[in-house]
Amino acid sequence: ANYIHWIEDLLAGNTETTIKLPLAVGIPALATGLDIGVGASAIYPLLALSLHPEWKMIGTDINEQALHSARTNVEKNGLLPKIDLRLVRSDGRVLIDALKEHDGTLDFCMCNPPFFAAEESAHKAAHYRTCDANPDELVTPGGEAQFVRDMIADSHILQGKVRWYTTMVGHKASVAGAVG
């Protein structure tokens, strides 16, 4: 849930790293977020709504089976009206293709991008043997650095359509590759 708490800090305008009670800071009661690569569990939208029941989330994925599983999880939790799951093309624009005109301005986007540029790299990673992920959750052309560069390029086009553009990064070296 740490990623959701970091989002809360951004939305509250508070980037201090102190422990805060949810009602003690200005976390908005209403917010809309986008989870890029929602995966089979839809974990981040579910966590966000467990902490903030009035929020709304959009979750995208390129894998139809993952979205089917995510939809099942969302439905079991009674949150279909609050979580909009969307299939996007793997060869499309990361952010631009995910959004619809009626979405309005989003408060944040979040992402845990595929870490690797090739399946061979994923297989060599120590955590791969215990990782129960689809190849498209681990591998993307150019790896996570390219994925983040694509997000940044889309953010230049979308600008204020999303208040906070965020992503996780799994490899420290990817930071320089993404913004350099």
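Residues numbered from 1 in each chain as written. Predicted model: local features only at pLDDT ≥ 70, side-chain atom pairs only at ≥ 80, totals over all residues. Heavy atoms only, no water.

Participant: Describe the side chain of Asp 103, and please don't skip the residues or the numbers.
Facilitator: By the element assignment, Asp 103 lies in the loop between β3 (83-87) and β4 (106-111). Of note is the side chain of Asp 103, whose polar atom sits 2.7 Å from the side chain of Arg 86. A distance of 2.7 Å separates a polar atom in the side chain of Asp 103 from the backbone nitrogen of Lys 100. With near-sequence residues (within four places) excluded, Asp 103 lies in contact with Ile 58, Arg 86, Ala 98 and Lys 161. (Helix = DSSP H or I, 4+ residues; strand = E, 2+ residues; numbered from the N terminus. Polar contact = N/O pair within 3.5 Å; in protein donor to acceptor, adjacent residues only side chain to side chain. Contact = heavy atoms within 4.5 Å.)

Participant: Could you give me a rundown of the environment of Asn 77, with the residues and numbers involved?
Facilitator: Relative to the helices and strands, Asn 77 is located in the loop between α3 (64-76) and β3. In this structure the C-alpha to C-alpha distance between Asn 77 and Leu 46, which are 31 residues apart in sequence, comes to 8.2 Å.

Participant: Talk me through the packing of helix α1 (residues 2-12) against helix α2 (residues 43-51); I want residue IDs and the actual numbers.
Facilitator: Following both chains from N to C, one finds α1 and α2 inclined at 60°, their axes separated by 9 Å at the closest point. With respect to their mutual orientation, α1 and α2 come out oblique. In terms of crossing hand, the pair formed by α1 and α2 is right-handed. For the pair α1 and α2, contact is made by Tyr 3, Ile 4, His 5 and Glu 8 and by Tyr 44, Leu 47, Ala 48 and Leu 51, respectively. (Axes fitted to C-alpha atoms, helices over the stretch in contact; angles between N-to-C directions. Parallel < 35°, antiparallel > 145°, perpendicular 65-115°, else oblique. Left-handed = near helix turned anticlockwise from the far one by under 90°.)

Participant: Break down the pairing of strand β2 (residues 56-61) for me, with residues and values.
Facilitator: Burial within β2 is extensive, with five of its six residues counted as buried. Of the strand pairs in this sheet, strand β1 (residues 32-36) and β2 are connected by five bridges, and their pairing is parallel. Looking at the pairing, Gly 33 lines up with Met 57 of β2. As paired elements, β2 and β3 share five bridges and run parallel to each other. Bridge pairing in β3 places Thr 60 opposite Arg 86. After leaving β2, the chain enters α3 and then returns to the sheet as β3, a path that is right-handed. (Buried < 20%, exposed > 50% of the residue type's maximum accessible area, 1.4 Å probe, protein only. Pairing = 2+ DSSP bridges. Right-handed = clockwise from strand over helix to strand, strands pointing away.)

Participant: Tell me about the state of the cysteines, and please be specific about residues and values.
Facilitator: For the structure shown, the criterion picks out zero disulfides. Here Cys 109 is not cross-linked by a disulfide; its sulfur's nearest cysteine counterpart is in Cys 111, at 7.6 Å. Judged by its relative accessible area of 0%, Cys 109 falls in the buried class. (Disulfide = S-S within 2.5 Å.)

Participant: Give me the packing of aromatic side chains: which residues, what numbers.
Facilitator: Taken as a whole and assessed by the stated rule, the structure comprises three aromatic pairs. With a centroid separation of 6.4 Å and 55° between ring planes, the pair formed by Tyr 3 and Trp 6 is classed as tilted. One end of the pair, Tyr 3, and the other, Trp 6, are both in helix α1, three residues apart, so they sit about a helical turn from each other. Judged by centre distance (5.6 Å) and plane angle (55°), the ring pair of Trp 55 and Phe 108 falls under tilted. With Trp 55 in the loop between α2 and β2 and Phe 108 in strand β4, the pair connects residues that are 53 residues apart, well separated along the chain. Members of the aromatic cluster, joined through ring pairs, are Tyr 3, Trp 6 and Tyr 44. (Phe/Tyr/Trp six-rings, centres within 6.5 Å; stacked < 30°, edge-to-face > 60°.)

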